[in-house]
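In case you want the letters, here they are:
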Amino acid sequence: MKTYNWRPFLERWSADWLDSPDARGRGDVDETVLRDRWLGFPAAGEDRITELEARLGVTLPPTYRSFLATTDGWRPAGTAVSRVGAAEGVHWYGDPDGLQAVDEGALDETASEEEVLRAGMWGRALRLTAAPDTVEVLLDPGDPDANGEWAAYLHRGGAGGERPERHGSFMDLMQALFREFHRAHGDDPGFVNETTRELDADVEEARLACLDGADIDGALELLIEADECGRPRAHWLRVQMEAMLSGGGRGGGDRGGSRGSWGSEYGDGRMDDPLYARELVPLAALEHLWAGHEEAEFLRSPDGRAHDGDDRKQAPALLREIGERTFRYEAPGPFGDAVASAREQARWGDTDGAWRTLAAAVADWEPYGAEHVAPVGLLADPLLGPVITPERGRFLLETPRADGRSAADDGGGGANVPRARLDGLGWLAEDTRPPVPDAYRFVLVHDVSPQELADRIGQGPLLAPCDESEAGQALRIGSCGFWGTHPEKWSFAFESGRIGTDPPSEAVSRGTKSVTVWCERGGRSAAHPGTFHFSYAEDGERVYGFTVRDGETEQWGVILDVLDPGHLFPDAGPDWDEDSYDDEDVHDEEDADAGPGSNGDSDSGASDGSWALDPDDEYESLDAISEVFGVSLPRFALRQGRLHAVAPA
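Residues numbered from 1 in each chain as written. Predicted model: local features only at pLDDT ≥ 70, side-chain atom pairs only at ≥ 80, totals over all residues. Heavy atoms only, no water.

> How do you make sense of the overall build of the protein chain when you look at a structure like this?
The number of helices and strands found in the protein chain is 24 helices and 14 strands. The buried share among the 649 residues of the protein chain stands at 51%. Considering only contacts in the protein chain between residues 6 or more positions apart, those separated by 24 or more positions represent 67%. Of the roughly 29,000 Å² of accessible surface on the protein chain, a fraction of 47% belongs to carbon and sulfur atoms. (Helix = DSSP H or I, 4+ residues; strand = E, 2+ residues; numbered from the N terminus. Buried < 20%, exposed > 50% of the residue type's maximum accessible area, 1.4 Å probe, protein only. Contact = heavy atoms within 4.5 Å. Areas by Shrake-Rupley, 256 points an atom, 1.4 Å probe, with all protein chains shown as cover.)

What follows is the structure in structure tokens.
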């Protein structure tokens, strides 16, 4: 609804206001307004505009100048702004409340250009409201764009009010006020006019386009415009689309879309409405917890009415499920079956397989009603939410659905999802971006299930699915993919960071075989020298392996040539003696964080760091282990997903 011609826009605003419940029956409406259906005034004329520019000593920006050429001011029209823009009432603002000094004093080196401009705006702004008011309209000549437009501000509430609301031009500000006027009447069934009819038609067009997977961005633009004008159906359709485009892993879409605020207003529905209870409320609960709000706030609807009865019991129970990561998203029909299968895949680390399962089934997804356009509750599932990246959320929206067609009918759905190559192990050496820890340990056990592996190495039941930061000292459990030509099943237990405990022992290999790797990159402190430990075991006994530590090597058993530490770590020397390492040389963690060290001798002191692994040697060693044993650790699941975990015994 971008407008470059003032007259039609202002005539539309006049007609909508005069037909609104606020205007009907009022006795204080000027007779000329009723007769002409026009909230404006006669045009200012070129002479009057030129006189104003001479008085102010500036050339007015184009959209405000053309506004005066259309009407010399604008009456109150359903917003909190009084008469605005009349030439006689325009003056330099003068910063009467001293806000420039306050805002400029709050700036620091991280301040954005927009923040700097806004802070300096107060002393140079032009005021377009006739007299001081609770809401004022200001133009900033110090913030022009390429077309000569000045930034325009709505300043609400005087010195103690909100931060001023910036718009790119006077026209943009007036259009925002028009949307504000419509938004104030959005829930009023008697508020019907040409604008509301057009917007409601846009909402339906956007809904159908979304279900058809067509022009998702265009559909979202229509919904945003209608939502900002307060059309009742637009908000939750918009929320569903924006949620899918943002993805389910926290921080990931900033992740590719505008997350906005899913849950700050999750509606006033009832928990017996499946769209509300199974889709919107879980999404709201997820954001509620991310924001750190209290449970009482979650229970209250936007209209101030608290949930009661069974709803008051169900809503906090659902919030706890989200917080404890025990929530299970469910859906009807074939897509619901796919969700259950995908969860089993994701919970043991096969996130790529989980994604393909969901993508293949989304064409058969069934909505709960006409206001449902996407399976957004999926994003709140602790196992499947992280699988839906912003790119994958877009894929789901762009797949035609809710029309009874299956993915196989038109080659859509999962058929278009490329099968990802398995990750191997080498990615652990490549993944050095902060805040990824510079130490990790894992054990791989052949031909046992993840549950059995957890029983072998842990104490107590499996913990709720957790990500890397939530795991703490727990070992995350999952299944390995097949690597190369090895059609064998392996399970893994993985931990990252310096936990301070030994990795699971060779005892986990009883009745089968296992591979254990322990890596600390070193180079920061003598307390944590570079270490790479590899051990292969069978039936509870270690068979062969090696440890490279602080530049020296120990090995045992008959090692395959491809795993010979002399080839993999050419800079390390032989005959490492465990007894030669003096525990008294271990320094505090503050020394460990003093900065990167060198690859020099280990006895150079903590201040000089310690021997560090060569990243290429680390990569080659991990890659060789992958090839020999046919094992792969799932990168996405370990770095972005959630996995079950077990506390080590």
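Back to the text.
> Where do I start with the packing of helix H8 (residues 194-212) against helix H9 (residues 216-228) in this structure?
When two helices pack together, their arrangement is given by the angle between their axes and by how far apart the axes lie. Where H8 contacts H9, the axes come no closer than 9 Å and their chain directions differ by 150 degrees. Taken as axis vectors, H8 and H9 run roughly antiparallel relative to one another. Seen from above, H8 lies across H9 with left-handed handedness. For the pair H8 and H9, the contacting residues are Leu199, Asp202, Val203, Glu205, Ala206, Ala209 and Cys210 in the first and Ile216, Ala219, Leu222, Leu223, Glu225 and Ala226 in the second. Residue composition of the contact of H8 with H9, by class: 10 nonpolar, no polar and three charged. (Axes fitted to C-alpha atoms, helices over the stretch in contact; angles between N-to-C directions. Parallel < 35°, antiparallel > 145°, perpendicular 65-115°, else oblique. Left-handed = near helix turned anticlockwise from the far one by under 90°. Nonpolar A, V, L, I, M, F, W, Y, C, P; charged D, E, K, R; others polar.)

> Whenever I open this one, the pattern of salt bridges confuses me. Can you help?
Note that side chains of opposite charge can pair when their charged atoms are close. Applying the stated rule across the entire model yields 31 salt bridges. We note a salt bridge from Glu53 to Arg65, for which the minimum N-O separation is 2.9 Å. Here Glu53, found in helix H3 (residues 46-56), pairs with Arg65, found in helix H4 (residues 62-68); they are 12 residues apart in sequence, far enough to count as distant. Residue class for Glu53 comes out buried when judged on its relative accessible area of 11%. On the accessibility criterion, Arg65 (22% relative accessible area) is partly exposed. Among the ionic pairs, Glu180 bridges to Arg156, the shortest N-O distance being 2.8 Å. Here Glu180, found in helix H7 (residues 170-184), pairs with Arg156, found in strand S4 (residues 150-156); they are 24 residues apart in sequence, far enough to count as distant. Residue classification places Glu180 among the buried positions, given a relative accessible area of 17%. The structure contains a network of salt bridges with shared partners spanning Glu204, Arg207, Arg233 and Glu371. (Salt bridge = Lys/Arg side-chain N within 4 Å of Asp/Glu carboxyl O.)

> Is there a simple way to think about the sheet that holds strand S8 (residues 475-479) in this case?
Pairing between the strands of a sheet is mediated by backbone hydrogen bonds and can be parallel or antiparallel. On the basis of which strands lie adjacent, the open sheet formed by nine strands has the order S7-S14-S8-S9-S6-S10-S11-S12-S13 and antiparallel pairing. In this open sheet, the two edge strands, each paired with only one partner strand, are strand S7 (458-466) and strand S13 (552-556). Neighbouring strand axes in the sheet, compared pairwise and without regard to direction, differ in orientation by 20 degrees on average. The pairing of S8 with strand S14 (residues 643-648) spans two bridges and is classified as antiparallel. Bridged to Arg476 within S14 is Ala645. Sitting on the sheet, helix H23 (residues 615-629) is in contact with strand S6 (439-446), strand S9 (490-496), strand S10 (513-520), strand S11 (531-538) and strand S12 (541-549), with an inclination near 15 degrees to S11. (Pairing = 2+ DSSP bridges.)

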